[in-house]
Amino acid sequence: MEVPHVGLLLTIISLGFNGIGSADEPSPTADRQQELAAWLDARFESRWKANQLTPPAIVDDATFLRRVYLDLNGTIPSVSQTFDFLSGNQTDKREKMVDQLLSDPRTPKNLGRVWRRMMVPGNGPEAAAATQLLEPWLVEQFTANTRYNDLARKVLVIAPDAAPMQPIGLNAPAAPTPSASAYINAVGRTPDAVSGASTRFFLGVSLNCAKCHDHPFAKWKQQDFWGMAAFFSNQGTAGRINSEKGESYPAVFLGGEPATIPEGKLATEVLVDWMTSPKNTNFGATAVNRVWQHLYGRGAVSEIDDLDRVPPEERLFFLDELGQRFAAADYDMRWLIASLCKSRTYQRETPGKSNPTQSDQLTQRPLKTLQPEQVFDSLEQALNLPIGKSDDSPRTNGTRTQMVAKLSEAATNHPDQFRSGIPQALMLMHGSMISNATDIETSRTLRAVIEAPFLEPKQKIETLYMAALTRKPREQELNTMLSFIGEQREPLQRKQAYSEIFWALLNSPEFVLSP
Amino acid sequence: MFNHSFYDEFQRRDFLRMSLAGAFGASFSGWFGQLAKAAQAEQAQKACILLWMPGGPSQTDTFDLKPGHKNGGPFKEIDTAAAGVRISEHLPGLAMQMKDMAIIRSLTSTEGDHGRAANIMLTGYKEQEAVKYPVLGSLVAKELGRADNELPNYVSISSSQLGFGSTAGEGFLGPQYAPLSVSGNSNNPQARANLAIEFLAPPRKVDKTQIDNRFKVLGLVQQDFAERFDGDSVAAHRANYEKAERLVKSQAKHAFRLDEEDTAVRDAYGRNRFGQGCLLARRLVERGVPFVEVALSGTQANAAASWDTHADNFNQVKLLSQVLDPAWSTLMRDLRERGLLEHTLVVWMGEFGRTPNINTMGGRDHFPIAWSTVLGGAGIQGGQAYGSSGPDGMKVIDKPVKGPELIATICGALGIDPKKENFTDEGRPIPIVERGTEPVKELLKG
């Protein structure tokens, strides 16, 4: 049978990284993950109980698999990976799958991409520079599981002579190497730009409004903005800066405590010491908030970049304590992600229409919009496309770059929003990738399905659903599709009908909005 | 492919008009007389065509000449159809259209950087980090666009040239108000493929039955998903695909089929990217698109030529004028003959003007202090030159107009309230034009 071979190559790849160190002894790591997951589940369940809401059900294996593949690996699973997972009967197969994906090299690649999009949002030349120079560095950090406080230190502590700021864009020197300093280059290179961007990213506070005037909604004054910018000052005097209006400001930690810069220490080191101290709850809270948004589709509180505007009771639900636990665990990112993915909370259903948990925003999991790279990688998987250079594969021949660029024009960093436009829809309808994939003469997946003599129409439709949506059609869907096939009179039209179904599934909301 | 929906649409409208006409006792002959025009002007919807001149055109060599002054340069001034209004000798076609056009000779700003200046002129606001202001096209698309339009509400032609460093786009209004861009990278006069929507056409092998089947199955799948899940993203996905589907099925109402036009018409617009872009703009407006922008850069001799004429200004401006004049004047005439001009505003502007004094390279440099833009058509009191830059062109001596006031005036001509507020993601209200800015009344029809 053709179908189980669909993902053979990828299975071999992932097996290669699987054999090492995944012995079955109960490890202290697993216990620590278990503990955090249980704590989180208790938080959610008691809140639902207090609000007299029934928690959403735990998802079935297929939904779990697609969800965790997209979140960690950045792509949907292949048909054969799905079959293997569904047929496994170990009670801990979900936990094992989380571990397996976390040791797959595609996971740090995906997380590096996700973090790059969070750190340097938007679609301009800054984002392009970050893709080239920051993202590979982030992938290395996720591969090595760099502690998150160390990551912040590497990104923000700049010895001015050791790492001169690199210009971006047209004047960039030939092939600069990926490095932590790509961050400050991408966000603007001036002390005020770096300060504004990093305060938002690492502390969840948007100060930029206070650059020119006291903040209209929040408590921030110009002193707060320039006090933080002073840490990044390269105007000669460490820890002092002149604002655009020419006023001089000393370095002051956000919140008002003046900083002392000891002899021989960089101002940015002093800032990072303060920032990553467990006493600074915003650092841990913002980190876990971003992880939670990535996994759950929305932040742990209503605002991610404006924690100062969040009502304290929202933070008390679970954000602050999760942040503190993260700090106490030495900012171990892999532990955090593994624990959250293994929790019941992560594995609950996206509430459907009229589910009462929809009334409680903080506990509700929204549909999650796939990011541009996830769309390409998932299409590649669903279509079973070659991935090698010698095959002139879409991954290597420029198709991926083009598709990601076009999708990025309308992408958002809010997974619960869908902002795509007409050009993006037209590309997914008529672009070369989908066109080839739905051409019954050239498409690997389609041909395998349509031409298989031993598959009944029902099984053919099921296989297309498995390839595109990682699930079998429900009975009602199956009947609709069967009657559509039945309407076609000629054998060629009947074959063609499978192609139209496949096209529709790849263009369906379910393909890009992950439940 | 014959376009049914377009004709269905009109039959319905015309039937409605006929019934109304009957009810009010109007004569049928009168109504039939209207038919030809109605067939072309699908509706009396207001529309705006922005002719965007990236780089900043020289006012002194186009619409505000200084004959006899040393700043004037070699170009002569000619009379126009509007008494007392005189323009460059290289714009003879436009001179004949001047009764429907108003020149503003007193634009003034302080921004001499291409990108930042373009942002001010296109958004009406000085750019800042905290708020991404939307451009004029997005604002107009939101106010005048219809959700059920088969075509997008904002089309940008040759938009890769539009920016000149500008970072402005749909801003906080979001991608639903982003332009549909038509690349037009080639200046090949015969080609129409280069003024086309990417991926609009299905693959060659896919026939009409298949397309209908695809959308039928997609509709079933969408319906099923919407029954299981709701939320903004589900609705946004569906709305977007419906728009794309309408565009595919109507093939954009043939708007892009410029070869449907008479050869003489295509020739009159000019067989170049800008000329054909103006013709496309007319076809889009005719089909209900409320905002179209066409950027002009490139001449027959030099595809990279722009209005940023720091050197060799006079040769460059002459060549650019030879592209501009036939295209724009034909557009005005064509719109009028089709009964569209009274509903369609044509705006000509760049991000700033150029220095009246001539530099050592025979060029003119960036000059935001006193420069010109032109408005024509819908709602505009034509036949006038408004404001003055004095005898040497060095500063505004009468009736200064700032970028935001120009946007407010454009709104006024289009029947849009410039005080209307849009909301950012954070819920901050932002009026279309900053508070305290009024349209220039003298430029608007009473």
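The structure presented is a predicted model; accordingly, all values stated were derived computationally and were not measured. (Residues numbered from 1 in each chain as written. Chains lettered and ligands numbered in written order. Predicted model: local features only at pLDDT ≥ 70, side-chain atom pairs only at ≥ 80, totals over all residues. Heavy atoms only, no water.)

1. Details of the overall build of chain B
Basically, it comes down to this: Helical segments are the DSSP runs of H or I of at least four residues, strand segments are the runs of E of at least two, and each set is numbered from the N terminus. Burial classification: accessible surface area is computed with a 1.4 Å probe over protein chains only, and a residue below 20% of its type maximum counts as buried, one above 50% as exposed, and the rest as partly exposed. Here the accessible surface of atoms and residues is derived via Shrake-Rupley with a 1.4 Å probe, and residues count as covered only by protein chains that are part of the display.
Counting secondary structure elements, chain B contains 11 helices and 14 strands. Sorting the 446 residues of chain B into buried and exposed places 58% on the buried side. Taken as a whole, chain B presents about 17900 Å² of accessible surface, with 53% of it coming from carbon and sulfur.

2. Let's talk about the nonpolar core
Burial of nonpolar side chains together is a common tendency in soluble globular proteins. Put simply, the rule reads: Within this scheme, the nonpolar core is defined by two criteria: the residues are buried Ala, Val, Leu, Ile, Met, Phe, Trp, Tyr or Cys, and they are joined through side-chain atoms within 4.5 Å.
Of all hydrophobic cores here, the largest spans 119 residues; its most connected members are Leu379(A), Leu51(B), Phe63(B), Phe274(B), Leu284(B) and Trp328(B). By residue number, the principal contributor to this core is helix α10 (residues 313-337) of chain B, which donates 10 residues. Counting 97 residues, the second largest nonpolar core, distinct from the first, contains Phe44(A), Leu53(A), Leu102(A) and Ala186(A).

3. Regarding the environment of Ser408(A)
All names here are of chain A. Which entries qualify depends on this criterion: Throughout, a residue-residue contact means that at least one pair of heavy atoms, one from each residue, lies within 4.5 Å. Each polar contact in these results corresponds to two N or O atoms within 3.5 Å; when the atoms are within protein, one needs to be able to donate a hydrogen and the other to accept it, and residues that are neighboring in sequence are counted only if both atoms are side-chain atoms.
For Ser 408, the location among the structural elements is in helix α17 (residues 399-408). When its relative accessible area of 11% is taken as the criterion, Ser 408 is described as buried. Every residue in contact with Ser 408, bar those within four places of it in the chain, is listed here: Arg 117, Asn 123 and Pro 372. Looking at Ser 408, its side chain comes within polar contact range of the main-chain oxygen of Val 404, at 2.6 Å.

4. Remarks on the interface of chain A and chain B
What counts here: Simply put, the buried area is the total loss of 1.4 Å probe accessible area from both parts when two parts are fitted together. Any Lys or Arg side-chain nitrogen located within 4 Å of an Asp or Glu carboxyl oxygen qualifies as a salt bridge.
In this assembly, 54 residues from chain A lie in contact with 44 residues from chain B. With both sides pooled, the region where chain A packs onto chain B buries about 4300 Å², and carbon together with sulfur makes up 64% of that total. On the chain A side of the interface with chain B, the three residues burying the most area are Phe418(A), Ile422(A) and His430(A), jointly 15% of the side's total. With a closest N to O distance of 3.6 Å, Glu441(A) and Lys205(B) form a salt bridge.

5. Description of the sheet that holds strand β8 (residues 344-349) of chain B
Residue and element names in this part refer to chain B. Put simply, the rule reads: A pair of strands counts as paired when DSSP detects no fewer than two bridges linking them. Angles run from 0 to 180 degrees between N-to-C directions of axes, and those axes are lines fitted to C-alpha atoms, restricted for helices to the stretch in contact.
Pairing is mixed in the open sheet, where 8 strands are placed in the order β6-β5-β7-β1-β8-β11-β4-β12. What marks the edges here is a single partner per strand, and that holds for β6 (180-182) and β12 (384-386). Sheet twist, expressed as the mean angle between neighbouring strand axes with direction ignored, is 15°.

6. A look at the pattern of salt bridges
All names here are of chain A. Applying the stated criterion to the full structure yields 67 salt bridges over all chains. As a salt-bridge pair, Arg 113 and Asp 377 come within 3.5 Å of each other at their nearest N and O atoms. In this pair, Arg 113 sits in helix α6 (residues 106-119) while Asp 377 sits in helix α16 (residues 372-382), placing the two residues 264 residues apart along the sequence. Residue classification places Asp 377 among the buried positions, given a relative accessible area of 8%.

7. With respect to the packing of helix α13 (residues 281-296) of chain A against helix α14 (residues 312-328) of chain A
Residue and element names in this part refer to chain A. Using the following cut-off: Angles are sorted into four bins: roughly parallel if under 35 degrees, roughly antiparallel if over 145, roughly perpendicular if 65 to 115, and oblique for all others. Classification convention: Asp, Glu, Lys, Arg as charged; Ala, Val, Leu, Ile, Met, Phe, Trp, Tyr, Cys, Pro as nonpolar; all other residues, Gly among them, as polar.
It is at 7 Å that the axes of α13 and α14 come closest, and there the two elements cross at 105°. Between α13 and α14, the angle is such that the two are roughly perpendicular. Of α14, the residues touching α13 (which contributes Thr 281, Asn 282, Gly 284, Ala 285, Ala 287, Val 288, Asn 289 and Trp 292) are Arg 315, Phe 318, Leu 319, Asp 320, Leu 322, Gly 323, Gln 324 and Phe 326. When its residues are assigned to classes, the contact of α13 with α14 shows 8 nonpolar, 6 polar and 2 charged.

8. Quick word on the confidence of the model for chain B
Residues and elements named next belong to chain B. Selection rule: Each residue gets a pLDDT score, which is the predictor's confidence in that residue and runs from 0 to 100.
Looking at chain B as a whole, the pLDDT averages 85, with 85% of positions reaching at least 70. Segment residues 1-43 is flagged for pLDDT under 50; beyond a separation of four residues in sequence, or across chains, it makes 37 contacts in the model. Here residues 189-193 scores under 50 on pLDDT; set against residues more than four positions off or in separate chains, the count is 9 contacts. Under the prediction, the complex receives an ipTM of 0.88, its pTM being 0.79.

9. A word on the packing of aromatic side chains
The geometry of two aromatic rings is summed up by the distance between their centres and the angle between their planes. Residues and elements named next belong to chain A. Operational definition: By convention, a stacked pair of Phe, Tyr or Trp rings (six-membered ring in the case of Trp) has centres within 6.5 Å and planes under 30 degrees apart, an edge-to-face pair has planes over 60 apart, and any other such pair is tilted.
Counted according to the given criterion, the structure contains 31 aromatic pairs over all chains. On the basis of an interplanar angle of 90° and a centroid distance of 6.5 Å, the ring pair of Phe 64 and Tyr 346 is categorised as edge-to-face. Taken as a pair, Phe 64 in helix α3 (residues 61-73) and Tyr 346 in the loop between α15 (333-342) and β3 (368-369) lie far apart in primary sequence, 282 residues in all. By relative accessible area, which is 0% here, Phe 64 ends up buried. Of the residues examined, Tyr 346 reaches a relative accessible area of 0% and is grouped as buried. Between Phe 225 and Trp 226 the ring centres are 5.1 Å apart and the planes differ by 80°, which places this aromatic pair in the edge-to-face class.

10. Comments concerning the environment of Lys76(B)
All names here are of chain B. Locating Lys 76 in the fold gives a position in the loop between β1 (47-52) and β2 (77-79). By relative accessible area, which is 57% here, Lys 76 ends up exposed. The spacing of Lys 76 and Glu 89 is 13 residues in sequence and 5.5 Å in space, taken between C-alpha atoms. When near neighbours in sequence (up to four residues on either side) are disregarded, Lys 76 contacts Leu 65, Ile 87, Ser 88 and Glu 89.

11. Brief notes about the pairing of strand β7 (residues 291-295) of chain B
Residue and element names in this part refer to chain B. Where burial is concerned, most of β7 is hidden: 5 out of the 5 residues are buried. Of the two faces of β7, the one holding Phe 291, Glu 293 and Ala 295 and the one holding Val 292 and Val 294 are both buried throughout. Relative to β7, β1 is paired through 5 bridges, and the arrangement is parallel. Residue pairing for β7: Trp 52 is matched across the bridge by Ala 295. As paired strands, strand β5 (residues 154-157) and β7 are joined by 4 bridges and run parallel to one another.

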